[in-house]
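Per-entry structural report
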Amino acid sequence: MKAAKKFSFQRAPAHSSQFPFMLINMAMTADGKIATANHTVASFASRRDLARLYELRATADAVLAGARTAGGDDISMGPGGKKYQQARLKNGLAEFNLRAIVSGSGSIDARSHIFQRRFSPIVVITTGRASVEKVAELRKVADAVETFGEKKIDLRRALRWLRREWNVRRLVCEGGGELNAAMLAADLVDEIHVTICPKIFGGRDAPTIADGEGFASLIAAARLKLESKKQIGAEMFLIYRVLKRR
Ligand SMILES: NC(=O)c1ccc[n+]([C@@H]2O[C@H](COP(=O)([O-])OP(=O)(O)OC[C@H]3O[C@@H](n4cnc5c(N)ncnc54)[C@H](OP(=O)(O)O)[C@@H]3O)[C@@H](O)[C@H]2O)c1
């Protein structure tokens, strides 16, 4: 059953950007991994980090993730408990955030846990690579399935659509590494929040904060400015601003 469209996103000011403000929020090990190579462990940060994830979601209209992240067991991409829902209302946001999933080939399983949690709209961003059958299946469980490009997702168009059609002004992207890399390459990321956890996973195939094809030269690399650092217990909480290229 689809969620009722009772969302009351605030109207965007006329002068604001055509894209949402996007922050990436990730926890990583000291060797830069966001999960083990076999993907069985992806939740390894402290309770403080989890609280921070919900605090950040409570500042955003929408949470975005790639198909492998969004399709995980117990993943709902929601606001968390009552306390955070109230914080959202206090921040002038809808009580529940919009949920957006990027799935270029439509590989996200329509039976995934996220589609069973019907508290707020879910939109799937895909390409012409997703079969007609797959799109029809996803349309039954999502509130919108939108195609942006034939083979490759045009993320800039997709983000403009989120801004325009769903009034998403502030967006938390929660990975994984493939989606983050594509967002950085498209120059759509404004801030990166990283929690460095005192662990080493190793593994050349373990995902990192930005995977994908990677930047080929130093000059092409995403450049960051450290905005803040805070140690809480054994973890470091860093916030970087991404320096825009365009
Ligand atoms: N530590 C943390 O903070 C944290 C946070 C999030 C996730 N994780 C972990 O990271 C792992 C997942 O990361 P991941 O990098 O493997 O996967 P991911 O980015 O979550 O998902 C990859 C999938 O998303 C779609 N996708 C991503 N970028 C795309 C693009 N530019 N164009 C088209 N489709 C795109 C594709 O779906 P299709 O196959 O349908 O084309 C792709 O197969 C999991 O183990 C997860 O638990 C850890």
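Residues numbered from 1 in each chain as written. Predicted model: local features only at pLDDT ≥ 70, side-chain atom pairs only at ≥ 80, totals over all residues. Heavy atoms only, no water.

On to the nonpolar core, then. Membership of the largest hydrophobic core comes to 35 residues, with the highest contact counts inside it found for Leu 162 and Met 183. Elements with a minimum of two residues in this core: strand E1 (21-29), strand E2 (62-66), strand E3 (98-102), strand E4 (122-126), helix H6 (155-166), strand E6 (170-173), helix H7 (177-185) and strand E7 (191-197). The biggest single contributor to this core is H6, with six residues. Non-local contacts of Leu 162, meaning those with residues more than four positions away in its chain, are made with Leu 98, Ala 100, Val 123, Ile 125, Asn 167 and Val 168. Listed in part, the 18 residues of the second largest apolar core include Ile 101, Ile 122, Ala 130 and Leu 138. (Core = buried A, V, L, I, M, F, W, Y, C linked by side-chain atoms within 4.5 Å. Buried < 20%, exposed > 50% of the residue type's maximum accessible area, 1.4 Å probe, protein only. Helix = DSSP H or I, 4+ residues; strand = E, 2+ residues; numbered from the N terminus. Contact = heavy atoms within 4.5 Å.)

The strand order E5-E4-E3-E2-E6-E1-E7-E9-E8 describes an open sheet built from nine strands, whose pairing is mixed. Whereas interior strands pair on both sides, the edge strands pair on one side only; in this sheet they are strand E5 (144-147) and strand E8 (223-232). Adjacent strand axes in the sheet meet at a mean angle of 20° when their direction is disregarded. Both E7 and strand E9 (residues 235-243) contribute to a ladder of six bridges, which runs antiparallel. Looking at the pairing, Val 194 lines up with Leu 238 of E9. The strands touched by H6 are E1, E3, E4, E5 and E6; relative to E4, the strand with the most contacts, the crossing angle is about 155°. Along the sheet face, H7 touches E1, E2, E3, E6, E7 and E9 and points at about 110° away from the line of E2. (Pairing = 2+ DSSP bridges. Axes fitted to C-alpha atoms, helices over the stretch in contact; angles between N-to-C directions.)

Within the fold, Gln 85 resides in helix H3 (residues 82-90). Overall, Gln 85 belongs to the buried group, its relative accessible area being 8%. Every residue in contact with Gln 85, bar those within four places of it in the chain, is listed here: Pro 79, Gly 80, Glu 95 and Phe 96.

The next point concerns helix H1 (residues 47-57). Listed in full, the buried residues belonging to H1 are Asp 49, Ala 51, Arg 52, Leu 53, Leu 56 and Arg 57. Where H1 is buried, its residues contact E1, E2, H3, E6, E7 and E9.

In this section: H6. Residues that lie three or four places apart on an α-helix share one face, since the helix turns once every 3.6 residues. Compared with an ideal rise of 1.5 Å per residue, which puts twelve residues at 16 Å, H6 spans 15 Å between its outermost C-alpha atoms and is within 8% of the ideal. The set of residues buried in H6 consists of Leu 155, Ala 158, Leu 159, Trp 161, Leu 162, Arg 163 and Trp 166. For H6, the elements touching its buried residues are E1, E3, E4, E5, E6 and H7. The residue sitting at the N-terminus of H6 and contributing the capping side-chain oxygen is Asp 154; that oxygen lies 3.3 Å from the backbone nitrogen of Arg 156. A positive backbone phi angle near 55° is found at Asn 167, which sits one or two residues after H6. (Expected span 1.5 Å × (residues − 1). Polar contact = N/O pair within 3.5 Å; in protein donor to acceptor, adjacent residues only side chain to side chain.)

Moving on, we come to the pairing of E1. In the case of a regular strand, side chains alternate between the two sheet surfaces. With eight of nine residues buried, E1 is to be regarded as a mostly interior element. Pairing between E1 and E6: four bridges, direction parallel. Within E6, the position partnered with Leu 23 by the bridge is Val 172.

A few words now on the environment of Leu 138. Secondary-structure assignment places Leu 138 in helix H5 (residues 132-141). As a C-alpha pair, Leu 138 and Ala 110 span 28 residues in sequence and 5.6 Å in three-dimensional space. Those residues in contact with Leu 138 that sit more than four places away from it in its chain are Gly 106, Ile 108, Ala 110, Phe 115, Val 124 and Val 145.

The next point concerns the confidence of the model for the protein chain. Looking at the protein chain, pLDDT values average 93 and 93% of them are 70 or higher. Residue range residues 1-15 is modelled with pLDDT below 50. Its contacts to residues more than four positions away, or to other chains, number 31 contacts. (pLDDT = per-residue confidence, 0-100.)

Counting through the fold element by element, Arg 52 comes out in helix H1. Here Arg 52 sits buried without a salt bridge, and the closest side chain of opposite charge, Glu 55, lies 5.0 Å off (N-O distance). Of the polar contacts made by the side chain of Arg 52, one reaches the side chain of His 193; its length is 2.9 Å. Excluding residues within four positions of it along the chain, Arg 52 makes contact with His 193, Phe 237 and Ile 239. (Lys, Arg positive; Asp, Glu negative; His and termini not counted. Salt bridge = Lys/Arg side-chain N within 4 Å of Asp/Glu carboxyl O.)

It is worth spelling out the site of the ligand at this point. Inspection of the region around the ligand gives 25 residues, with Arg 68, Thr 69, Ser 103, Ser 105 and Ser 107 positioned closest. With respect to the ligand, the side chain of Ser 103 contributes an N or O atom lying 2.7 Å from an oxygen atom. With respect to the ligand, the backbone of Leu 179 contributes an N or O atom lying 3.2 Å from an oxygen atom. Bound to the protein, the ligand loses 86% of the 910 Å² it would expose on its own. Broken down by secondary-structure element, the contributors of at least two residues to the shell around the ligand are E1, helix H2 (67-70) and H7. With four residues, H7 is the largest single contributor of residues to the shell around the ligand. For the shell around the ligand, the per-class residue count stands at eleven nonpolar, eleven polar and three charged. (Near = heavy atom within 4 Å. Areas by Shrake-Rupley, 256 points an atom, 1.4 Å probe, with all protein chains shown as cover. Nonpolar A, V, L, I, M, F, W, Y, C, P; charged D, E, K, R; others polar.)

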